[in-house]
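# Structural overview
Below, each chain spelled out in residue letters.
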Amino acid sequence: MTIPVIIDCDPGIDDVMALTLAFAHPELDIKLITTEPGNQTQEKTIHNALTFTSYMKKNIEIARGLDKPFFRKLEIADKVHGENGLGNVEFPEPTIQVSNRPAIEAMKETLLSSDEQIILIATGPLTNVGALLLAHPEVKSKIKYISYMGGAAVGGNMSPTAEFNVYVDPHAADIVFRSGIPIVMSGLDVTHKAYVTIEEINEMEAIGSDFASKVSQMLRFYIHSAKQTAFHAPNFENQIHLHDLCAVSYVLTPELFEGDNCHVAVELEGKYTAGTTIVDYAQQTGLPHNVKVLHTINREKFVEQFFHAVKQMSAD
Ligand code: BDR
Ligand code: CA
């Protein structure tokens, strides 16, 4: 049995690692990939999705999403993901053409024409998903749940309390978190535990393929660049978190994760707190549970799963 999914992303080094895991698992039926600005501009994230998917020899519809967050001025993470968004590692020109359907239309039509519910995997700011839900609320019943990388119960990487994806477009995230669609949130609480070490990256490089070499180059860049910014988890030196991979891994193997159901709200404004996810673990607000917030991961199995995917995609 296959699991139908749509992947909305902003590639991004860890976004392409997440795509790698998805591509390596034929049980995931990827109906559509959509892109948005975040780690880099829309121009670059769509280009990266096209080049990477072509390089991986996958023939999947890739649709271009919105160019800007709802209200905030776009802030990109070029210091972390590089000028081209992929740690300046180059892929050949794409063989896949961008879809002639804009992302919101493509998402709507894919969802409404599906007989079964689809899981939405989102690894960027939620601009496209927020716009989809505002424009076409009738799609809600077609979404099984949203596996989302973003937010944090504690801490942040863009501000002391805000994680990058939510910080970039809190208004879109707010629409999604209040939509009533079940959400599984891989926030920094779990993604900072989902890391690979430099030794593991070296082992991966030893696979010896062009792809393994590109993956290790991107991850080395990520270790180096994240270290210069607040993007690095405290005390990290020679390891790097694979945030976005968690959102795909959860769909494949939820048993690797633990989390709690609770109410999560998004702070829209605030002198210090815009883009913060307010995670009510202690149930102080009395508001209904809308999110399963992940906090624990079996890192060993997670890294094994990632290795297996890189090997698998090196062989194809
Ligand atoms: C998130 O921010 C981006 O830079 C990564 O791709 C990930 O989605 C982590 O905070
Ligand atoms: Ca991302």
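You'll find the structure just up there.
Here the structure is a predicted model, which means the values were calculated and not measured. (Residues numbered from 1 in each chain as written. Chains lettered and ligands numbered in written order. Predicted model: local features only at pLDDT ≥ 70, side-chain atom pairs only at ≥ 80, totals over all residues. Heavy atoms only, no water.)

Counting secondary structure elements, the chain contains 12 helices and 11 strands. Taken over the C-alpha trace, the chain has a radius of gyration of 18 Å; the compact-globule value for 316 residues is 20 Å, and the two agree within 12%. In terms of its C-alpha atoms, the chain occupies a principal-axis envelope of roughly 55 × 45 × 40 Å. Looking at the 316 residues of the chain, the share that counts as buried comes to 60%. (Helix = DSSP H or I, 4+ residues; strand = E, 2+ residues; numbered from the N terminus. Rg over C-alpha atoms; globule rule 2.2 N^0.38 Å. Buried < 20%, exposed > 50% of the residue type's maximum accessible area, 1.4 Å probe, protein only.)

The subject of this paragraph is the packing of helix α10 (residues 210-227) against helix α12 (residues 299-315). Two elements in contact, α10 and α12, have axes separated by 9 Å at closest approach and are oriented at 135°. Of the possible angle classes, the one that applies to α10 and α12 is oblique. From α10, F211, A212, V215 and L219 reach across to α12, where they touch F306, V310, M313 and S314. (Axes fitted to C-alpha atoms, helices over the stretch in contact; angles between N-to-C directions. Parallel < 35°, antiparallel > 145°, perpendicular 65-115°, else oblique. Contact = heavy atoms within 4.5 Å.)

On to the pattern of salt bridges, then. Taken as a whole and assessed by the stated rule, the structure comprises 11 salt bridges. E43 serves as the salt-bridge partner of R64, at 3.4 Å between the closest nitrogen and oxygen. Of the two residues, R64 sits in strand β3 (residues 62-64) while E43 sits in helix α2 (residues 42-55), which places them 21 residues apart along the sequence. Exposure remark for E43: the relative accessible area of 52% places this residue in the exposed category. A salt bridge links R64 to D67, with the shortest nitrogen-to-oxygen separation between them at 3.1 Å. The exposure class assigned to D67 is partly exposed, which follows from its relative accessible area of 43%. One salt-bridge network, held together by shared partners, links E43, R64 and D67. (Salt bridge = Lys/Arg side-chain N within 4 Å of Asp/Glu carboxyl O.)

Okay, the coordination of the calcium ion (ligand 2) next. Coordination sphere of the calcium ion (ligand 2), protein contribution only: D10 (OD), D15 (OD), D15 (OD), T123 (O) and D244 (OD), at 2.2 to 2.6 Å. Taken in sequence order, the residues that donate to the calcium ion (ligand 2) follow the motif D-x4-D-x107-T-x120-D. Of this pair, T123 sits in the loop between β4 (118-122) and α5 (127-135) while D244 is found in the loop between β8 (239-241) and α11 (245-252), placing the two residues 121 residues apart along the sequence. Taken individually, T123 and D244 each receive the classification buried, so the pair is uniform in this respect. (Donors = N, O, S within 2.8 Å, 3.2 Å for Na, K, Ca; no water.)

The α-helix winds at 3.6 residues per turn, so residues separated by three or four positions along the chain end up facing the same way. For α2, spanning 14 residues, the distance from its first C-alpha to its last is 20 Å, which sits close to the expected 20 Å at 1.5 Å a residue. Counting buried positions along α2 yields 11 of 14 residues, so the element is predominantly enclosed. Along α2, the residues classified as buried are Q42, T45, I46, N48, A49, L50, T51, F52, T53, S54 and Y55. For α2, the elements touching its buried residues are α1 (13-23), β2 (28-35), β3 and α10. K57 sits one or two positions beyond α2 and adopts a positive phi of about 55°. (Expected span 1.5 Å × (residues − 1).)

Ligand 1 sits among 13 residues. The nearest are D14, N39, N157, E163 and D244. Between ligand 1 and H81, the relevant distance is 2.9 Å, taken from an oxygen atom to a side-chain nitrogen or oxygen of the residue. D244 has a polar side-chain atom sitting 2.6 Å from an oxygen atom of ligand 1. Compared with its free state, where it exposes 290 Å², ligand 1 has 100% of that area covered by protein. Grouping the amino acids of the shell around ligand 1 by side-chain chemistry returns three nonpolar, six polar and four charged. (Near = heavy atom within 4 Å. Polar contact = N/O pair within 3.5 Å; in protein donor to acceptor, adjacent residues only side chain to side chain. Areas by Shrake-Rupley, 256 points an atom, 1.4 Å probe, with all protein chains shown as cover. Nonpolar A, V, L, I, M, F, W, Y, C, P; charged D, E, K, R; others polar.)

Summarising the element assignment, Y195 is placed in strand β7 (residues 195-197). In sequence terms Y195 and I240 are 45 residues apart; their C-alpha atoms lie 5.1 Å from each other.

Cis geometry is found at the peptide bond from P11 to G12, where omega equals -10°. Structurally, the position occupied by G12 is in the loop between β1 (3-9) and α1. With a phi angle near 55°, K57 is a residue other than glycine that sits in the positive phi range. Of note, K57 is situated in the loop between α2 and β3. In this structure, N88 is a non-glycine residue whose phi angle is positive, near 60°. Of note, N88 is situated in the loop between α3 (78-81) and α4 (103-112). Using a relative accessible area of 41% as the deciding quantity, one classes N88 as partly exposed.

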